[in-house]
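Coordinate analysis (summary)
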Amino acid sequence: MRPCPSPPGLPPVVAWGPYADPVRSVMVAYKDRQRPDLAAVLAPLLADVLTAGLSWGPGAWESGPQTWYVVPVPSSPAAVRRRGDRPLERLGKAATRAVAARPGSARVAWAPALATTRTVGDQAGLGHAQRAHNLAGAFDVLPRWAPVVAGAHCVVIDDVVTTGATLTDAARALRVAGVSAVWCATVAATQRRVG
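**Examining helix α2 (residues 39–55)**
If you check α2, its first and last C-alpha atoms are 24 Å apart, about what 17 residues at 1.5 Å a residue would give, namely 24 Å. Three or more residues of α2 are buried, namely Ala39, Leu42, Ala43, Leu45, Leu46, Ala47, Val49, Leu50, Ala52, Gly53 and Leu54.

Below you can see the structure in the form of structure tokens.
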């Protein structure tokens, strides 16, 4: 479920479904209404996306024994202060564990390799060009993760893909660090807004 049109540099994206109710309501409650228990509902959806992408989708580009590193889009410091935690990390860790436990699945490992490099404005209400400008150069690979991801296979995860700007910049940072393959997995995808 790629945004259409897609921003330049956006790798393949696999989403579980559309960002519509009931998934939307569960995601909002999970992230913004302090309902960490809902990770038990959302993590299997993200695990299904990871499994599908790794078995027949963009993750299957290169079969073999390599490990795919599951890299979350980092939460901004302001979001962490506001929410008091990193809900995507909780969700991603649970989904990564679920995939690793599935018989015959690809090898996956949790890799919080990205960090924000500057303050990013609130994305709500921004169109695709504004989001791209807001996020350009916003992420970088943490120095301790640089040798791990160089030459590696990575899956960038996020909860929702809207315009693709966030995933595009996360993938850019990983490519600069030398990853050999990258694709993206999200729970949901919205309709692309023009403007």
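**Comments concerning the sheet that holds strand β1 (residues 13–18)**
The five strands are arranged β1-β7-β6-β2-β3 in an open sheet whose pairing can be described as parallel. Since the sheet does not close on itself, it has two edges, and those belong to β1 and β3 (107–110), each with one partner. The average undirected angle you get between the axes of adjacent strands in this sheet is 25 degrees. Bridge count between strand β2 (residues 67–72) and β3: four bridges; the pairing is parallel. Residue pairing for β3: Thr67 is matched across the bridge by Arg107. Seen against the sheet, α2 touches β1, β2, β3, β6 (153–161) and β7 (181–189) and runs at an angle of roughly 145 degrees to β7.

**A word on helix α4 (residues 87–101)**
Side chains of residues three or four places apart in an α-helix project in the same direction, reflecting 3.6 residues per turn. Taking 1.5 Å per residue as the helical rise, α4 with its 15 residues ought to reach 21 Å, and the 21 Å between its terminal C-alpha atoms agrees with that figure. Taken as a whole, α4 has its buried residues at Pro87, Leu88, Leu91, Gly92, Ala94, Ala95, Thr96 and Val99.

**A word on the pattern of salt bridges**
By the definition in use, this model includes six salt bridges. Of the charged contacts, one joins Arg24 and Asp21 as a salt bridge, the two residues approaching to 3.8 Å between their closest N and O atoms. What makes Arg24 partly exposed here is its relative accessible area of 33%. Linking Asp159 and Lys31 is a salt bridge whose minimum nitrogen-to-oxygen distance equals 2.5 Å. Here the residue Asp159 occupies a position in strand β6, and Lys31 occupies one in helix α1 (residues 23–32), the gap between them amounting to 128 residues. Taking relative accessible area as the criterion, Asp159 reaches 10% and is therefore assigned buried.

**Considering the nonpolar core**
Leu50, Ile157 and Leu174 are the most contacted members of the largest nonpolar core, which totals 58 residues. At nine residues, α2 tops the list of elements feeding residues into this core. Among all residues touching Leu174, those that are not within four sequence positions of it are Val71, Leu114, Val141, Val149, Cys154, Val156, Val179 and Val182.

**Describing the packing of α1 against α2**
One can describe the packing of α1 onto α2 by two numbers: an axis separation of 10 Å at closest approach and a directional angle of 120 degrees. As judged from the angle between their axes, α1 and α2 are oblique. Handedness of the crossing formed by α1 with α2: left-handed. Here α1 contributes Val26, Met27 and Tyr30 to the contact with α2, which in turn contributes Ala39, Val41 and Leu42.

**Remarks on the packing of α2 against α4**
Following both chains from N to C, one finds α2 and α4 inclined at 55 degrees, their axes separated by 8 Å at the closest point. Between α2 and α4, the crossing angle belongs to the class labelled oblique. Note on packing geometry: the crossing formed by α2 with α4 is right-handed. Packed against α2, whose contacting residues are Ala39, Leu42, Ala43, Leu46, Ala47, Leu50, Thr51 and Leu54, the element α4 presents Arg90, Leu91, Gly92, Ala94, Ala95, Ala98 and Val99 at the interface.

Rules behind the numbers
Residues numbered from 1 in each chain as written. Predicted model: local features only at pLDDT ≥ 70, side-chain atom pairs only at ≥ 80, totals over all residues. Heavy atoms only, no water. Helix = DSSP H or I, 4+ residues; strand = E, 2+ residues; numbered from the N terminus. Expected span 1.5 Å × (residues − 1). Buried < 20%, exposed > 50% of the residue type's maximum accessible area, 1.4 Å probe, protein only. Pairing = 2+ DSSP bridges. Axes fitted to C-alpha atoms, helices over the stretch in contact; angles between N-to-C directions. Contact = heavy atoms within 4.5 Å. Salt bridge = Lys/Arg side-chain N within 4 Å of Asp/Glu carboxyl O. Core = buried A, V, L, I, M, F, W, Y, C linked by side-chain atoms within 4.5 Å. Parallel < 35°, antiparallel > 145°, perpendicular 65-115°, else oblique. Left-handed = near helix turned anticlockwise from the far one by under 90°.

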